[in-house]
Every structure is written in structure tokens, then in C-alpha cells.
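Below, each chain spelled out in residue letters.
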Amino acid sequence: MISWRKHYKRGLIAIYVLLSTSASIYAQGDAKNGEKLFKANCVACHALDKQLVGPALGGIVDKVKKESNLDTSWLKKWIKDNKSLRESGDKDAIAIFEKFNKVEMLAFPNLTDKDIDDILEYTTNPPAAAPAADAATAPDTNSVAALEMAQKQSMNSKVILISLIAIGGLLLWLLLKLRQLVKLQQTEELAGLNASRAVSFGDLYRKYSYVGKGVLVVLGIFAAYGIWNWLMWVGVYKGYKPEQPIYFSHKIHAGENKIDCQLCHSSAKYGKVSEVPSLNVCMNCHKMIAEYNGKYIEPGKDKAFYDGEIQKIYSAVGWDPASQQYTGKTQPVEWTRIHNMPDFVYFNHAQHVVAGENAIITSYNKKNPEAKIDVVCKACHGQIDTMNVVQMANDFTMGWCIECHRTTEVDMTNGYNKEYFKNLHDKLKKQYGSGTKVTVAAIGGLECGKCHY
Ligand code: HEC
Ligand code: HEC
Ligand code: HEC
Ligand code: HEC
Ligand code: HEC
Ligand code: HEC
């Protein structure tokens with residue numbers, strides 16, 4: 001589906017370019033190599049068919065020829081170093097710069113004339129039908145479509161699940177109906193009334209019970225499949241890591257760039273939930289960061305891929321990087337929830353992140369001297385700052401909560417606990433002597449009512 005749409009789009013672009021350039025078909029370079037160079041150097045700001053940071057470049061050779069009577073040697077100068085071209089007083093270069101709100105294009109002094117010929121060939125005659133594998137791995141510069149697609153996929157899983165439940169329900173209903181029917185036909189009055197047809201009833205019963213068993217087997221298979229899917233969906237599995245609509249890497253943000261967890265998950269401190277940040281939080285930084293220039297690149301990904309993912313933020317919030325303005329056209333992003341306790345469980349982040357911070361870090365580092373943590377979050381969520389894709393690091397079951405409450409000593413020095421548990425602490429001291437350790441269990445951390453509504 002995706003690749004079909006891509007081919008279709010590419011086909012259209014190719015036809016458009018062919019039609020509009022019938023006067024002169026620029027054919028001096030190698031479009032394949034041009035495509036590679038374009039993706040490595042230009043996609044952060046340019047697409048063939050629409051304006052991103054810079055103008056659309058499909059058919060650019062003809063366009064500058066027609067509009068300003070400029071040739072490829074001018075384009076080469078521009079692409080290699082547009083700034084010196086402008087500074088040399090070239091009025092066309094200055095005009096383009098003004099037209100695009102004085103957003104500077106990068107200089108590419110390392111590109112040779114041959115490289116640029118290849119790129120221009122690609123912008124003039126993009127290969128119409130790239131092999132499917134290519135399309136699948138190619139960075140998606142059409143970010144709106146990509147975003148829609150990702151969200152559709154997530155919807156699809158929901159639709160599949162709902163339809164499975166529906167099918168299960170329908171089969172159950174059918175089974176009950178069949179049994180009713182069989183029972184009805186077994187009732188004695190009925191049998192008496194229709195004595196003459198008794199034989200055929202027996203036949204019928206045998207036939208129906210056969211069907212009933214068949215239905216049961218099918219139902220069983222569906223139910224097993226449905227339950228398995230449901231478990232995956234709710235995400236009670238350790239290691240659960242769904243695909244997200246934007247490829248957001250914690251390794252790049254929290255790891256490489258050392259951004260504090262609570263800058264994004266700011267409500268962890270205050271409340272019950274710690275929530276995923278809104279896209280406005282992303283824009284605080286990404287208004288300025290339109291492309292990825294980090295040293296770290298995950299195997300299998302490249303700069304162009306990351307740039308495309310950042311573009312998705314812009315599509316989602318309706319930010320036009322060219323004019324540096326919001327367009328008002330937004331496209332909500334729905335992150336898939338990874339951690340999700342059942343409704344009957346009460347878990348409060350603040351209790352753990354604020355009151356429990358010292359206790360949890362100290363206890364964790366005592367138990368894991370070879371893998372100490374610096375941030376309290378990691379005790380439960382694992383080394384998130386090394387994960388490109390978040391995954392559940394623990395199984396988040398009741399046993400897991402209780403195990404930690406049994407073995408973690410409460411920090412009696414923090415203001416909150418000192419006041420609150422003063423009496424309890426004094427009592428324990430009297431009972432067991434002054435070095436007494438107070439675990440979470442001792443302050444009521446194993447009471448059913450503390451964790452269950
Ligand atoms: C950092 C963003 C950025 C990158 C990367 C970039 N460009 Fe540009 N480009 C622009 C902007 C912005 C303009 C519009 C002119 C201006 O504001 O300076 C532009 C203009 C152009 C123009 C002139 C278009 C016209 O209408 O006359 C050409 C040609 C061009 N770029 C080619 C390239 C090629 C080829 C590459 C890759 C080798 C590339 N650009 C990489 C931002 C970029
Ligand atoms: C720049 C913003 C940002 C920073 C910094 C950040 N996160 Fe996140 N976090 C996100 C976004 C966006 C998501 C949702 C997408 C995803 O799951 O990757 C998320 C998801 C999560 C989740 C899974 C939420 C769920 O659905 O259950 C956990 C747990 C988490 N982050 C913990 C952390 C920890 C721990 C740190 C610090 C080491 C951290 N985050 C730093 C933005 C951030
Ligand atoms: C505190 C600043 C900051 C915030 C907030 C922030 N980012 Fe980033 N983001 C960065 C930096 C720095 C980079 C790396 C840029 C580089 O190295 O060139 C980056 C890179 C990225 C990339 C490319 C690498 C990757 O992770 O795939 C994406 C996509 C991205 N950010 C998405 C987001 C989203 C979505 C949000 C909001 C949930 C967000 N960012 C919030 C600073 C931030
Ligand atoms: C004591 C273990 C523990 C610690 C410490 C902890 N979390 Fe969580 N976290 C959880 C549990 C349990 C959930 C699931 C809560 C739910 O579904 O109601 C969760 C869920 C989340 C979520 C998903 C959204 C939500 O609120 O349900 C995010 C994001 C998150 N944690 C981030 C953080 C960050 C950031 C920190 C550190 C500041 C942190 N957590 C510290 C156990 C912990
Ligand atoms: C890494 C260890 C750890 C894990 C895992 C953990 N907790 Fe806790 N929990 C603590 C600590 C430490 C405190 C005490 C905080 C304080 O000093 O008040 C606490 C306190 C609590 C309290 C308040 C108890 C009271 O008497 O005031 C509740 C409720 C609670 N946790 C629920 C949970 C639930 C539910 C889970 C599992 C989803 C969980 N905790 C997992 C360490 C943990
Ligand atoms: C420290 C927090 C905590 C305490 C204390 C606690 N529970 Fe739970 N309980 C949980 C969590 C978390 C789950 C959800 C586990 C899951 O989703 O896998 C749960 C699940 C359950 C379930 C559902 C079955 C299951 O295993 O998923 C029952 C029943 C239950 N608890 C009963 C109790 C009773 C009875 C007590 C008191 C003796 C108690 N709980 C004390 C945290 C706690």
C-alpha cells in the first residue's frame with residue numbers, strides 16, 4: 001500500500017516533469033547517484049514536489065531557465081556556496097534569498113560539478129519506479145502521509161481486535177442458539193407431537209451437535225488468538241515496545257543530549273501520572289532544530305530518516321519552517337501507551353519520585369553495585385537513556401511492587417516521612433532498638449487498600 005502510493009506519486013512527478021520540460025530534457029548526469037546525494041544532503045530542506053524549508057526542486061533546471069534565464073553553471077555556484085554568490089552581488093541569488101525570508105541554505109563546497117549534475121538530473125528525471133525494497137527503506141519526506149499511515153496502522157490493530165471480539169461474540173451467540181434449538185427439539189411434548197418425525201430429530205441432533213463442536217473449536221481458536229492479542233495490546237509483557245507515530249529516540253534525547261527526564265515528563269513530580277509530553281514541549285527545541293546533525297546514528301537509520309521524523313512534528317503542529325509560522329493545520333499524534341496499570345490499581349509517581357527518591361536510589365544501588373543508577377526513574381523503567389525505542393524493563397506485576405516494598409528501607413530523613421512516621425519510628429525503636437530499619441512494608445506498603453481502590 002505504502003509503496004504503491006509512492007510509486008504512484010513518483011510516476012505523477014515523472015509525468016509532470018516530462019510534460020513541463022518537453023522543451024529541453026536535461027540529461028547529463030546519473031539520476032540514481034543524484035538521488036543518493038539528494039537524500040544525503042538536501043532532503044532536510046527540500047522535496048521535489050513541495051516546499052519544505054527551501055523551494056520544491058522538481059524541474060528546477062527548467063524553472064530557473066524560464067524565470068530568470070539562468071543556466072546550470074549558476075545553479076552549481078549557488079549550490080556550492082550560495083553565500084559568496086550573494087556577496088559577489090549576484091542579484092538573482094539575492095532575490096531568491098529575500099523571497100525565502102532570508103533563511104540561509106547550507107553551503108556544499110565538497111560537491112563536485114559531476115555530483116551536482118547528478119543531483120540536477122535526479123530533480124529533472126527522478127527514477128519513476130524504484131525497486132520496492134528501496135521504497136520501503138527510503139526516508140519518507142512526505143511526512144503528512146507517513147503520519148497518517150502510522151496512525152492508520154495503529155487504528156487497524158484496534159479494528160482487528162474489535163472485530164475479533166465481535167466474531168467471538170457472534171459465534172458464542174450462534175452456539176447458544178444452536179443448543180437452544182437442539183434442546184427445544186428434544187422436549188418431550190414436541191417429540192410426542194411429532195412422533196412420526198422422531199427419526200429425523202435424532203438425525204438433526206447428531207448433525208447439530210457435530211456443528212456445535214466445530215463451532216466450539218473455532219471459537220476456542222479465536223478466543224486464544226484474541227486473548228493473546230489483548231495481552232499484547234494492554235502491554236503487560238516485559239519488553240513490550242510498540243511502534244510510535246514519530247520515531248522518538250530516548251537514547252538521542254536523554255542519552256546523547258543529556259536532556260533531563262523531567263523536562264519532558266514534568267508531571268511525574270506532582271501527580272499520579274507522569275504523562276507523555278505534548279508536542280508544544282517538542283517545539284520549544286525543535287523550532288530551532290529542524291534537522292539531525294548528531295554523531296550517533298542508529299544502525300539501519302540515517303540522517304535523512306531522522307530529518308523526516310522531525311518534519312513529522314512540524315506537520316503535526318502545523319509549523320511552516322519556511323515562514324517560521326504556524327499554519328493552523330494540525331494533525332494530532334497519538335502515542336501508544338506502553339505502561340498501563342489496570343484501573344483497580346493505584347500507583348502514584350510523586351510518592352516514588354519525590355518521597356521515595358533517595359530510598360529507591362540507595363536501595364537499588366546496593367542491590368546492583370555493577371549497574372548503579374543516577375536517576376530514580378531507572379529503578380523501575382530501566383536504562384531508558386540507552387533505548388531508541390522504549391520498552392518495558394520490568395514486568396510491573398503486583399509481585400514486583402511488593403518485592404520492592406519488602407526490601408526497600410524508607411528514607412526517614414526526608415521532611416515528609418520524618419513528620420508523618422515519627423510515632424511509628426519511635427515505637428519501632430523502642431521495640432527493636434535504635435538501629436531499626438524501616439521498610440516500605442513496615443509503613444503499610446503491603447496493605448491491599450494502599451494499592452487498590
Ligand atoms: C538547511 C536547509 C537547506 C539545505 C540542506 C539545502 N537547501 Fe537549497 N535552499 C534552501 C533555502 C532556504 C533556499 C531558498 C533560498 C534562500 O533562502 O537562501 C534554497 C534554495 C535552493 C535552490 C534555488 C531554488 C530556486 O528557486 O532558485 C537550489 C537550486 C537549491 N536550494 C538546491 C539545493 C541542493 C541541491 C541541496 C543539497 C545538495 C540543497 N539545496 C540543500 C535550504 C536548503
Ligand atoms: C525530549 C523529551 C523526553 C525526554 C527528555 C524523556 N522522554 Fe520519556 N517519553 C517521551 C515521549 C515523546 C514518549 C512517548 C513515545 C515513546 O514511547 O517513545 C516517552 C515515553 C516514555 C515512557 C513510556 C511511556 C508509556 O507509554 O508508558 C517512559 C517510561 C519514559 N518515557 C521515561 C523516561 C525517562 C526515565 C527519561 C529520562 C531518562 C525520559 N523518559 C526522558 C519524551 C521524553
Ligand atoms: C530540550 C530540547 C528538546 C526537546 C524538548 C525535544 N527534542 Fe527532539 N531533539 C533534540 C536534540 C538536541 C536532537 C538531536 C539534534 C542533533 O543532534 O542534531 C533531537 C532530535 C530529535 C529527532 C531525531 C532523532 C530521533 O530521536 O529520532 C526527533 C524525531 C525528535 N528530536 C523528536 C522530538 C519530539 C517528538 C519531541 C517532543 C516529544 C522532542 N523531540 C523534544 C532536542 C529536543
Ligand atoms: C517505583 C517505580 C517507578 C518509578 C521510580 C518511576 N515510574 Fe514511571 N511508571 C511506573 C508505573 C508502575 C507506571 C504505570 C502507571 C499506570 O499505568 O498507572 C509508570 C508509567 C510511566 C509513564 C507512562 C505514563 C503514565 O504516567 O502512566 C511515564 C511517561 C513514566 N512512568 C515516566 C517516569 C519518569 C520520567 C520517572 C522518573 C522521574 C518515573 N516514571 C519513575 C513506575 C515507576
Ligand atoms: C523500586 C522500588 C519500588 C517499586 C518497584 C514500587 N514501589 Fe511503591 N514505594 C516505594 C518506596 C520507597 C515507597 C515509600 C515512599 C515514602 O518514603 O513515602 C513506596 C510507597 C508506596 C505507596 C505508599 C505507601 C504508604 O504506606 O504510604 C504506595 C501506595 C505504593 N508505593 C504503590 C506501589 C505500586 C502500586 C507499585 C507497583 C506498580 C509500587 N509501589 C512499586 C518503592 C517502590
Ligand atoms: C504494592 C502495591 C500492591 C499491594 C500492597 C497489593 N496489590 Fe494487588 N495488585 C497490585 C498490582 C500492581 C496489580 C496488577 C498486576 C498486573 O496487572 O499484572 C495487582 C493485582 C491484584 C489482583 C488481580 C489479579 C492479578 O494478580 O493480576 C488481585 C485480586 C489483587 N491484586 C489483590 C490484592 C490483595 C488481596 C492485596 C492485599 C493482601 C493486594 N492485592 C495488595 C499491587 C498491589
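In case you missed it, the structure is sitting above this.
Residues numbered from 1 in each chain as written. Chains lettered and ligands numbered in written order. Predicted model: local features only at pLDDT ≥ 70, side-chain atom pairs only at ≥ 80, totals over all residues. Heavy atoms only, no water.

### Some words on the overall build of the protein chain
Then comes step 1: Across its full length, the protein chain carries 21 helices and two strands.
Then comes step 2: Within the span of the protein chain, comprising 453 residues, buried residues form 37% of the whole.
Then comes step 3: Contacts in the protein chain between residues far apart in sequence, at least 24 positions, make up 70% of those at least 6 positions apart.
Then comes step 4: For the protein chain, the exposed surface amounts to about 27500 Å²; the carbon and sulfur share of it is 61%. (Helix = DSSP H or I, 4+ residues; strand = E, 2+ residues; numbered from the N terminus. Buried < 20%, exposed > 50% of the residue type's maximum accessible area, 1.4 Å probe, protein only. Contact = heavy atoms within 4.5 Å. Areas by Shrake-Rupley, 256 points an atom, 1.4 Å probe, with all protein chains shown as cover.)

### Things to note about unusual backbone geometry
Then comes step 1: Even without being a glycine, N69 presents a positive backbone phi close to 55°.
Then comes step 2: Within the fold, N69 resides in the loop between α3 (60-68) and α4 (72-87).
Then comes step 3: If you check the backbone angles, Q324 has positive phi at about 55° while not being a glycine.
Then comes step 4: Relative to the helices and strands, Q324 resides in the loop between β1 (319-320) and β2 (325-326).

### Remarks on the site of ligand 5
Then comes step 1: Residues in contact with ligand 5 amount to 21 residues; listed here are only the nearest, H352, C401, C404, H405 and N417.
Then comes step 2: Take H405: an N or O atom from its side chain is 2.8 Å from a nitrogen atom of ligand 5.
Then comes step 3: In the environment of ligand 5, an oxygen atom lies 2.9 Å from a nitrogen or oxygen atom belonging to the side chain of K450.
Then comes step 4: Looking at the shell around ligand 5, the elements that each hand over two or more residues are α15 (349-355), α18 (398-407), α19 (415-420) and α21 (448-451).
Then comes step 5: The element best represented in the shell around ligand 5 is α18, accounting for four residues.
Then comes step 6: A class-by-class count of the residues in the shell around ligand 5 yields 13 nonpolar, seven polar and one charged. (Near = heavy atom within 4 Å. Polar contact = N/O pair within 3.5 Å; in protein donor to acceptor, adjacent residues only side chain to side chain. Nonpolar A, V, L, I, M, F, W, Y, C, P; charged D, E, K, R; others polar.)

### Some details on helix α13 (residues 279-286)
Then comes step 1: Of all the positions in α13, only L279, C282, M283 and H286 are classed as buried. An end-on view of α13 places all buried positions within 100° of arc, on one side of the element. The exposed set on the far side of α13, more than 90 degrees from its buried face, consists of N280 and N284.
Then comes step 2: On its buried face, α13 sits against α11 (250-256), α14 (303-317), β1 and β2. (Arc of directions from axis to C-beta.)

### Here we look at the coordination of the iron atom of ligand 5
Then comes step 1: Ligation of the iron atom of ligand 5 by protein atoms is provided by H352 (NE2) and H405 (NE2), these donors lying 1.9 to 2.0 Å from the ion.
Then comes step 2: For the iron atom of ligand 5, the six donor atoms in the first shell make angles of 88 to 180° at the metal, a pattern classed as octahedral. Taken together, the positions of H352 in helix α15 and H405 in helix α18 put the pair 53 residues apart, joining distant regions of the chain. (Donors = N, O, S within 2.8 Å, 3.2 Å for Na, K, Ca; no water. Tetrahedral: all angles 85-135°; square planar, octahedral: opposite > 155°, others 65-115°.)

### Points about the coordination of the iron atom of ligand 4
Then comes step 1: At 2.0 to 2.1 Å from the iron atom of ligand 4 lie its protein donor atoms, namely H349 (NE2) and H381 (NE2).
Then comes step 2: One can describe the site at the iron atom of ligand 4 as octahedral: its six donor atoms subtend angles covering 88 to 179° at the metal. In this pair, H349 is assigned in helix α15 and H381 in helix α17 (residues 377-381), connecting sequence segments 32 residues apart.

### Things to note about the packing of helix α2 (residues 31-41) against helix α6 (residues 113-124)
Then comes step 1: Contact geometry for α2 and α6: axes closest at 7 Å, N-to-C directions at 95°. Viewed along their axes, α2 and α6 adopt a mutual orientation that is roughly perpendicular. For the pair α2 and α6, the contacting residues are A31, N33, G34, E35, L37 and F38 in the first and D115, D118, I119, E121, Y122 and T123 in the second.
Then comes step 2: For the contact of α2 with α6, a count of residues per class yields five nonpolar, three polar and four charged. (Axes fitted to C-alpha atoms, helices over the stretch in contact; angles between N-to-C directions. Parallel < 35°, antiparallel > 145°, perpendicular 65-115°, else oblique.)

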